[in-house]
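One letter stands for each residue in the lines below.
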Amino acid sequence: MSTPDARCVIILSARSSGSSALQNLLARSPGVRHVERTPHYESETLFWNKAASLLHRPQVRMADSRLPFPRAEAGDMLRSLLTENLGPSYVPPPGDEQLVFQGWRDLCLHYAPVFVEKTPHHLHQWGALELMLEGLARTPEVAPLVIGLVRNPMDTI
């Protein structure tokens with residue numbers, strides 16, 4: 001068995017569960033990086049939510065959220081995210097499935113040795129979670145670590 005070329009830490013969370021604090025703590029370590037450019041808050045890519053929209057995976061509407069994104073917009077947002085973070089020479093693959101799975105692999109390898117992906121809301125979106133697991137299985141050169149964070153409702157009361 002070969003050693004993975006990169007590691008990816010995926011922080012899945014519910015809102016206000018401490019994911020930004022965890023990401024900031026991890027990013028202080030040498031070799032740990034997250035995307036440089038995203039239109040969302042706190043280096044969130046919403047990669048797998050966008051991928052789920054693009055690949056017609058089921059998602060539920062969320063209160064106070066734009067999720068799920070319209071399919072065409074999700075594809076445009078993924079292409080933009082990948083191009084802006086992988087450099088001007090990056091050419092997105094033509095097919096939607098290739099865009100998702102090859103794009104994910106390319107992000108992980110570009111931000112190696114450890115890529116931190118903080119994407120809230122996935123704990124509520126089974127279509128995105130299933131797609132994420134499929135993507136991790138298709139990327140043997142990246143060793144994943146998935147962290148799930150939830151907040152005790154009593155903390156907000």
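Further up the page is the structure itself.
So, a few notes on the structure that sits alongside this text.

1. Focus: the overall build of the protein
No. 1: Broken down by element type, the protein carries six helices and four strands.
No. 2: Beginning at the N terminus, the succession of helices and strands in the protein can be written as β-α-β-α-α-α-β-α-β-α.
No. 3: Computed over its C-alpha atoms, the radius of gyration of the protein comes to 15 Å, within 12% of the 15 Å expected for a compact globule of 157 residues.
No. 4: C-alpha extents for the protein along the principal axes are approximately 50 × 35 × 30 Å.
No. 5: For the protein, the residues scored as buried account for 46% of the 157 residues in total.
No. 6: Of the contacts made within the protein by residues no fewer than 6 positions apart, 74% connect residues no fewer than 24 positions apart.
No. 7: Total accessible area computed for the protein in this model is approximately 8200 Å², and 56% of it derives from carbon and sulfur atoms.
No. 8: Charge-centre separation for the protein: the mean point of 15 positive side chains lies 2 Å from the mean point of 16 negative side chains.

2. Remarks on unusual backbone geometry
No. 1: Cis geometry marks the peptide bond from Ala-112 to Pro-113; its omega dihedral reads 20°.
No. 2: Of note, the phi angle at His-56 is positive, near 60°, even though the residue is not glycine.
No. 3: Mapped onto the elements, His-56 comes out in the loop between helix H2 (47-54) and helix H3 (71-86).

3. Concerning the pairing of strand S1 (residues 6-13)
No. 1: Where burial is concerned, most of S1 is hidden: seven out of the eight residues are buried.
No. 2: Note that S1 and strand S4 (residues 142-149) share eight bridges and pair parallel. Bridging across to S4, Ile-10 finds its partner in Val-146.

4. Concerning the packing of aromatic side chains
No. 1: Throughout the structure, instances matching the rule amount to five aromatic pairs.
No. 2: An aromatic cluster is present here, built from Phe-47, Trp-48, Trp-104, Tyr-111 and Phe-115 joined pairwise through their rings.
No. 3: Just above the ring of Phe-101 sits the side chain of Arg-138; from NZ or CZ to the centre is 3.9 Å.

5. Considering the side chain of Asn-85
No. 1: By secondary structure assignment, the location of Asn-85 is in helix H3.
No. 2: You can call Asn-85 buried: its relative accessible area is 3%.
No. 3: A polar atom in the side chain of Asn-85 sits 3.0 Å from the side chain of Tyr-111.

6. Side note on helix H4 (residues 96-110)
Along an α-helix, residues three or four positions apart point the same way, because every turn accommodates 3.6 residues.
No. 1: For H4, which comprises 15 residues, the first-to-last C-alpha distance of 20 Å matches the rise-based estimate of 21 Å (1.5 Å per residue) to within 8%.
No. 2: Of all the positions in H4, only Leu-99, Val-100, Phe-101, Gly-103, Trp-104, Asp-106, Leu-107 and Cys-108 are classed as buried.

What counts, and at which threshold
Residues numbered from 1 in each chain as written. Predicted model: local features only at pLDDT ≥ 70, side-chain atom pairs only at ≥ 80, totals over all residues. Heavy atoms only, no water. Helix = DSSP H or I, 4+ residues; strand = E, 2+ residues; numbered from the N terminus. Rg over C-alpha atoms; globule rule 2.2 N^0.38 Å. Buried < 20%, exposed > 50% of the residue type's maximum accessible area, 1.4 Å probe, protein only. Contact = heavy atoms within 4.5 Å. Areas by Shrake-Rupley, 256 points an atom, 1.4 Å probe, with all protein chains shown as cover. Lys, Arg positive; Asp, Glu negative; His and termini not counted. Charge placed at Lys NZ, Arg CZ, Asp CG, Glu CD. Pairing = 2+ DSSP bridges. Phe/Tyr/Trp six-rings, centres within 6.5 Å; stacked < 30°, edge-to-face > 60°. Lys NZ or Arg CZ within 6 Å of the ring centre and 35° of its normal. Polar contact = N/O pair within 3.5 Å; in protein donor to acceptor, adjacent residues only side chain to side chain. Expected span 1.5 Å × (residues − 1).

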